[in-house]
Amino acid sequence: TNYADSGALAVAMSVGNLTSAIAAFKVRPIQVALPDSEGTTSDFVGLRIATSFLALVFTFFYCLFSVSSENYPVVALYALFKVVEAFVDVYHGLFQRHDRLDFAGKSQITRGILLLMSFILGLSVFGSLAVSICLMSVTSVVAIALYDMPRARLYGSVRPRFDFRDITRLAKMCVAGFVSSLLIAMVVSIARQAYGLGYGNEELGRYAAVATPCVIVQALAGYVYAPLYGAIGEARAQHNVNGIRKLVVRVVSIVAGLLAVCLLLAMLFGRPALVLVYGESISGYAYLLFGALLCTAGLAVLSFLLDVLIILGKSRFVVFFSAIPVVVCAAGTRFLCQDANTISMLVVASYLASIIPLIGVFCGRSLKE
């Protein structure tokens, strides 16, 4: 519709990333690695409902202090959508425990198509970003109810169980990963919101329009390493240091390869592709594509390395290496300028501040310790 809407959506996505991090509570690695005797699906569903409530409460108060009032409706609706999306991850964790990630894949394909269609319908027919997000939530709920829930019931009860002691026990196991995911999500949110407050929705919207397709790197990387949670847990149980090191090197190499391919494609087809989608007005901003690709690749690598630390039970290291990028980003917002490429430069620098020492840890002798 316009770049102001794009900017409003960028703000909503920045806040929604925090909402999603709280609702998800980084349960997936623990859910997959734990034996059934230590946590049932009903326990994890109960935990997800509790964290979803906390996520919405947090979003309400966070928006009061960090979001302009004109963006409140879109941010609120997008937060609800992210809670719905986070809820289905419990079922996908169950599928992974039973080696049925094909169910999760089919669910994502189906919901992806429905979300895209509903988003386009809301904008093309109603001309409203808010309506588009509402339709996305409705179609996602319908898809989950008709596809994911019936398949999850094949492996036992999925009714939520609210035992305070069990929920507290599971939450304590996941809290380091939750803090990590929340801190990592804050990096992009801090950079984008600082830029939006300084230079307006329209300027941020142009950056977001270019950066949005770049999430394909992060998505592809996530699908590479998420199935390895079980293998990393087994390697840890067997004290197989070399096995863990090889998995880390392999995944980081694959992400680097994906990044190289995407950078080449961006160089060859980036500008014409953006012009085809957004029109000639985006042509002068196509150069932002390269920095945005580096951002998503950096996020993918850092998320994976921190997930490995979570599975290895190194909670203090997880929090420490997650806090470094936030501190760097918050300190670096003063260097943001009219050129939106400074958003990418700041985010990449923040991620590298943790990635470089973490790779040193995994590749060095200290991994045995």
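Structure: above.
Bear in mind that the values here come from a model prediction, so they are computed numbers and not experimental data.

Parameters at a glance
- Residues numbered from 1 in each chain as written.
- Predicted model: local features only at pLDDT ≥ 70, side-chain atom pairs only at ≥ 80, totals over all residues.
- Heavy atoms only, no water.
- Phe/Tyr/Trp six-rings, centres within 6.5 Å; stacked < 30°, edge-to-face > 60°.
- Helix = DSSP H or I, 4+ residues; strand = E, 2+ residues; numbered from the N terminus.
- Buried < 20%, exposed > 50% of the residue type's maximum accessible area, 1.4 Å probe, protein only.
- Salt bridge = Lys/Arg side-chain N within 4 Å of Asp/Glu carboxyl O.
- Core = buried A, V, L, I, M, F, W, Y, C linked by side-chain atoms within 4.5 Å.
- Contact = heavy atoms within 4.5 Å.
- Axes fitted to C-alpha atoms, helices over the stretch in contact; angles between N-to-C directions.
- Parallel < 35°, antiparallel > 145°, perpendicular 65-115°, else oblique.
- Nonpolar A, V, L, I, M, F, W, Y, C, P; charged D, E, K, R; others polar.
- Left-handed = near helix turned anticlockwise from the far one by under 90°.
- Expected span 1.5 Å × (residues − 1).
- Bend = angle between axes of the 7 residues up to and from the residue.

1. Describing the packing of aromatic side chains
Counted according to the given criterion, the structure contains eight aromatic pairs. Note on Phe-25 and Phe-178: the rings are 4.3 Å apart at their centroids and 15 degrees apart in plane angle, and the pair reads as stacked. Of the two residues, Phe-25 is situated in the loop between helix H1 (3-24) and helix H2 (28-33) and Phe-178 in helix H7 (residues 164-199); the sequence distance between them amounts to 153 residues. A relative accessible area of 9% means that Phe-25 is categorised as buried.

2. A closer look at the pattern of salt bridges
Inspection of the entire model under this criterion finds 10 salt bridges. A salt bridge links Arg-100 to Asp-102; the shortest N-O distance between them is 2.7 Å. Assessed through its relative accessible area of 29%, Arg-100 is described here as partly exposed. Overall, Asp-102 belongs to the partly exposed group, its relative accessible area being 32%. With its nearest N and O atoms 3.2 Å apart, the salt bridge here joins Glu-202 to Arg-206. Of this pair, Glu-202 and Arg-206 both sit in helix H8 (residues 201-211), four residues apart, which is roughly one turn of that helix. Connected through shared salt-bridge partners, Asp-43, Arg-161, Asp-163, Asp-166 and Arg-169 make up one network.

3. Things to note about the nonpolar core
Within the largest apolar cluster, 103 residues are counted, with the highest numbers of intra-cluster contacts made by Ile-343 and Tyr-351. Apart from the residues within four sequence positions on either side, Ile-343 is in contact with Ala-191, Arg-192, Tyr-195, Leu-204, Tyr-207 and Leu-336. Val-88, Phe-103, Ala-152 and Val-158 belong to the second-largest nonpolar core, a separate cluster that totals 11 residues.

4. Remarks on the packing of H1 against H8
At a closest axis distance of 7 Å, the pairing of H1 and H8 adopts a crossing angle of 75 degrees. Compared by their axis directions, H1 and H8 come out roughly perpendicular. Across from Tyr-3, Ala-4, Ser-6, Gly-7, Ala-8, Ala-10 and Val-11 in H1, the residues of H8 making contact are Asn-201, Glu-202, Leu-204, Gly-205, Arg-206, Ala-208 and Ala-209. The residue makeup of the contact of H1 with H8, split by class, is eight nonpolar, four polar and two charged.

5. Quick notes on the packing of helix H9 (residues 215-225) against helix H11 (residues 241-278)
Helix-helix packing: each pair is described by the crossing angle between the helix axes and the interaxial distance. At a minimum axis distance of 10 Å, the contact between H9 and H11 shows a crossing angle of 155 degrees. Between H9 and H11, the crossing angle belongs to the class labelled roughly antiparallel. Every pair of crossing elements has a handedness; the one defined by H9 and H11 is right-handed. In contact with Val-217, Leu-220, Ala-221, Val-224 and Tyr-225 of H9, H11 contributes Val-251, Ile-254, Val-255, Leu-258 and Cys-262. Tallied by class, the residues present in the contact of H9 with H11 amount to 10 nonpolar, no polar and no charged.

6. Digging into H8
By the criterion of burial, H8 is predominantly enclosed, with 10 of the 11 residues buried. Considered for burial, the residues of H8 that qualify are Asn-201, Glu-203, Leu-204, Gly-205, Arg-206, Tyr-207, Ala-208, Ala-209, Val-210 and Ala-211. Contact partners of the buried residues in H8: H1, H7, H9, H11, helix H12 (288-311) and helix H14 (341-363).

7. Describing unusual backbone geometry
At Lys-26, a position not held by glycine, the phi torsion is positive, near 50 degrees. Within the secondary structure, Lys-26 is located in the loop between H1 and H2. Located in the positive-phi region is His-239, a residue other than glycine, with phi close to 55 degrees. Structurally, the position occupied by His-239 is in the loop between helix H10 (229-237) and H11.

8. Some thoughts on H14
Across its 23 residues, H14 extends 32 Å between first and last C-alpha, which sits within 8% of the 33 Å expected from 1.5 Å per residue. Along H14, the sharpest kink reaches roughly 30 degrees, centred on Leu-352.

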